[in-house]
Amino acid sequence: MNKSNFNWALIQSFLAALEHGSLMGAARATGVSQPTLGRHIAELESQLNLLLFERTGRGLQATGHALALAEAARAMHAGAADFSRLASGAGQSVQGSVRLSASQPVAFHLLPPILARMRQTLPQVTVELVVSNSVSNLLLREADIALRMVRPEQGSLVARQIGQVRLRACASKDYLQRRGTPQVPENLAEHDLIAGDTNTEIQQGFQAMGYPASALHFGLRTDDMNVQWAAVRAGLGIGFMSEHQMQSDAAITAVLPMLTLPTLPVWLTVHRELRTSARIRAVYDFLADEVGQALQKQPANPTRLNESGPL
């Protein structure tokens, strides 16, 4: 290997492929296209003169060489992240870029007007928005600030709960005119449901209420939350959406007010060292105030919500 020509940027692609076991999974996690990731892996194998992954029909199978290099690669990546964090903290001017991570519903429905106001308040700050329903890794500098529905456990991260998201069963008025409005939870078995693809929370919740999950009918199952929302608006069935989403469309109405759905806490998270950066602190404080206020404007929910239920 020619050390002078070694491309250290390939390490991130190597680690993503190693962690997710496929170019598709690595692409989702990093935001880099599959062809680019494939070229990165091929280039790294060429530079190292080693086979790192066996290509199979189910994805990428790490070789012994890849597993032997994994620990050193993670140490390199963590070192680069530490360097970047220290460099970010050194700048005290409120200007530059801030990388923000948020889920699809929050990024699409809640953040745009808030970011528009922030642009007026902090005109020298550029936001790089990472839209993903997975938990971005602040430790490896995938984001500077994250809006999460779970509290991080790492001691080096600072988290502040700034509000909560309430979920409701809902449908378009057009759908309810065609199919009727469910009056009790067991009526869900008579309707088409819109839910996630890789989880079974809806079925589990239905079973917890004493009804067989096999009785449920799904009009659409997808993990893409924006597609779920579009399907509800199109009249495809009954979905389970946040109240701040429902506020954006008068044609969507809540159903089954007695149905107990979870209340999801919203955590604003930042790496402890980044609090010394003036621009990141300014964005953090702005989001804490604005997102918190926006969540408080959700309509009063007559239903008791808790942390258990079909979602």
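It should be noted that the structure appears before, not after, this text.
Residues numbered from 1 in each chain as written. Predicted model: local features only at pLDDT ≥ 70, side-chain atom pairs only at ≥ 80, totals over all residues. Heavy atoms only, no water.

Undergrad: Would you mind going over helix α5 (residues 104–121) with me for this structure?
TA: In an α-helix, one turn spans 3.6 residues, which is why side chains three or four residues apart end up on the same side. In this model, α5 (18 residues) spans 24 Å end to end at C-alpha, consistent with the 26 Å of a helix rising 1.5 Å per residue. At L111, α5 is deflected by roughly 60 degrees, the largest bend along its length, and proline P112 occurs up to four residues later in sequence. Inspection of α5 places Q104, P105, V106, A107, H109, L110, L111, I114, L115 and M118 among the buried residues, and these make up the whole buried set. Each element contacted by the buried residues of α5 is listed here: β3 (96–102), β4 (125–131), β5 (145–148), α8 (225–233), α9 (243–246) and α10 (278–296). (Helix = DSSP H or I, 4+ residues; strand = E, 2+ residues; numbered from the N terminus. Expected span 1.5 Å × (residues − 1). Bend = angle between axes of the 7 residues up to and from the residue. Buried < 20%, exposed > 50% of the residue type's maximum accessible area, 1.4 Å probe, protein only. Contact = heavy atoms within 4.5 Å.)

Undergrad: Before we go on, may I ask you to explain the side chain of S22 in this structure?
TA: By secondary structure assignment, the location of S22 is in the loop between α1 (10–20) and α2 (23–30). Exposure remark for S22: the relative accessible area of 18% places this residue in the buried category.

Undergrad: It is not clear to me how the pattern of salt bridges should be interpreted in this structure. Could you clarify?
TA: One side chain can pair with another of opposite charge once the charged atoms of both are near each other. Under the criterion given, the structure shown has 9 salt bridges. The residue R99 makes a salt bridge to E128 at a minimum N-O spacing of 3.2 Å. Remark: E128 occurs in strand β4 and R99 occurs in strand β3; sequence separation between them is 29 residues. Look at R99 and you get partly exposed, because its relative accessible area is 29%. One continuous salt-bridge network, built from bridges that share partners, spans R166, R168 and E243. (Salt bridge = Lys/Arg side-chain N within 4 Å of Asp/Glu carboxyl O.)

Undergrad: Explain the packing of aromatic side chains here, please?
TA: The geometry of two aromatic rings is summed up by the distance between their centres and the angle between their planes. Taken as a whole and assessed by the stated rule, the structure comprises 2 aromatic pairs. Ring geometry for F14 against F53: centres 5.9 Å apart, planes inclined by 55 degrees, an arrangement best described as tilted. Taken together, the residues F14 in helix α1 and F53 in strand β1 (residues 53–56) connect sequence positions 39 residues apart. On the accessibility criterion, F53 (1% relative accessible area) is buried. Seen in terms of ring centroids, F206 and Y211 are 5.1 Å apart; in terms of plane orientation they differ by 40 degrees. Their pairing is tilted. Taking the relative accessible area as the measure of exposure, Y211 reaches 25% and is therefore partly exposed. The ring of F218 has R221 sitting right over it, with the charged end atom 4.9 Å from the ring centre. (Phe/Tyr/Trp six-rings, centres within 6.5 Å; stacked < 30°, edge-to-face > 60°. Lys NZ or Arg CZ within 6 Å of the ring centre and 35° of its normal.)

Undergrad: How should I be thinking about the nonpolar core in this particular structure?
TA: A general tendency of soluble globular proteins is for nonpolar side chains to be buried together. In terms of nonpolar packing, the biggest core is built from 47 residues, with L111, I145, L147, L287 and V291 touching the most fellow members. Apart from residues no more than four positions distant in its own chain, V291 is found in contact with L110, L111, I114, L147 and I162. Counting 14 residues, the second largest nonpolar core, distinct from the first, contains L18, F53, A70 and A73. (Core = buried A, V, L, I, M, F, W, Y, C linked by side-chain atoms within 4.5 Å.)

Undergrad: Mind showing me how you'd approach the packing of α1 against helix α3 (residues 34–48) here?
TA: A packed helix pair is summarised by two numbers, namely the angle formed by the two axes and the spacing between the axes. At a minimum axis distance of 9 Å, the contact between α1 and α3 shows a crossing angle of 110 degrees. The pairing of α1 with α3 is recorded here as roughly perpendicular in orientation. Listed contacts from α3 to L10, S13, F14 and A17 of α1 are L37, H40, I41, E43, L44 and Q47. Taken together, the residues of the contact of α1 with α3 break down into 6 nonpolar, 3 polar and 1 charged. (Axes fitted to C-alpha atoms, helices over the stretch in contact; angles between N-to-C directions. Parallel < 35°, antiparallel > 145°, perpendicular 65-115°, else oblique. Nonpolar A, V, L, I, M, F, W, Y, C, P; charged D, E, K, R; others polar.)

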